[in-house]
Amino acid sequence: VQLQASGGGLVQPGGSLRLSCAASGSIFSINAMAWYRQAPGKQRELVTAITSGGSTMYADSVEGRFTISRDNAKNTVYLQMSGLKPEDTAVYYCNADVRTTAREHGHYWGQGTQVTVSS
């Protein structure tokens, strides 16, 4: 199973970006999908997650500014980020709980995409 993230870049404060993460490989189904981020000198933190049924959760720091969504037919999760702040600068990683058979599953990580918020 591979997760390919894309969509990062440089954006000015107040701007928007949309990240995508597509899962491929031997996939039976995907349970929860999530986005984490890691800023320089800090631990990786959970930003947002979405279940297979569409229930979502957000870290307090991004609530109201970020929106997670998924396309189950494409095995893809998205992160729409708006009202970006310099403190959102980090490498963003996608994570998916993938069921490879009816009985086996594991957590997989994307390669990370850099988001830089700066004027």
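The paragraphs below set out a description of the structure included in this document. Note that the structure is predicted; figures quoted are calculated from it, not measured.

### A few points about the overall build of the chain
Argument step 1. For the chain, the count of helices and strands is zero helices and eleven strands.
Argument step 2. For the chain, the sequential pattern of α-helices and β-strands runs β-β-β-β-β-β-β-β-β-β-β.
Argument step 3. Taking 14 Å as the expected radius of gyration for a compact globule of 119 residues, we find that the chain reaches 14 Å, a close match to that expectation.
Argument step 4. Principal-axis analysis of the C-alpha atoms gives the chain an extent of 50 × 25 × 25 Å.
Argument step 5. Here the chain, with 119 residues, has 39% of them falling under the buried criterion.
Argument step 6. Across the chain, the fraction of contacts at a sequence separation of at least 24, relative to all contacts at a separation of at least 6, is 53%.
Argument step 7. Accessible surface for the chain amounts to roughly 6200 Å². Of this, 47% is attributable to carbon and sulfur atoms.

### Structural notes on the pairing of strand S4 (residues 29–38)
Argument step 1. Here S4 runs beside strand S9 (residues 90–99); their pairing, made up of eight bridges, is antiparallel. Its bridge partner lying in S9, Trp 35 is registered against Cys 94.
Argument step 2. In textbook terms, the turn of a hairpin is the stretch between consecutive antiparallel strands, and for S4 and strand S5 (residues 45–50) this stretch comprises six residues, one of which, Gly 41, has a positive phi near 75°.

Cut-offs used in this document
- Residues numbered from 1 in each chain as written.
- Predicted model: local features only at pLDDT ≥ 70, side-chain atom pairs only at ≥ 80, totals over all residues.
- Heavy atoms only, no water.
- Helix = DSSP H or I, 4+ residues; strand = E, 2+ residues; numbered from the N terminus.
- Rg over C-alpha atoms; globule rule 2.2 N^0.38 Å.
- Buried < 20%, exposed > 50% of the residue type's maximum accessible area, 1.4 Å probe, protein only.
- Contact = heavy atoms within 4.5 Å.
- Areas by Shrake-Rupley, 256 points an atom, 1.4 Å probe, with all protein chains shown as cover.
- Pairing = 2+ DSSP bridges.

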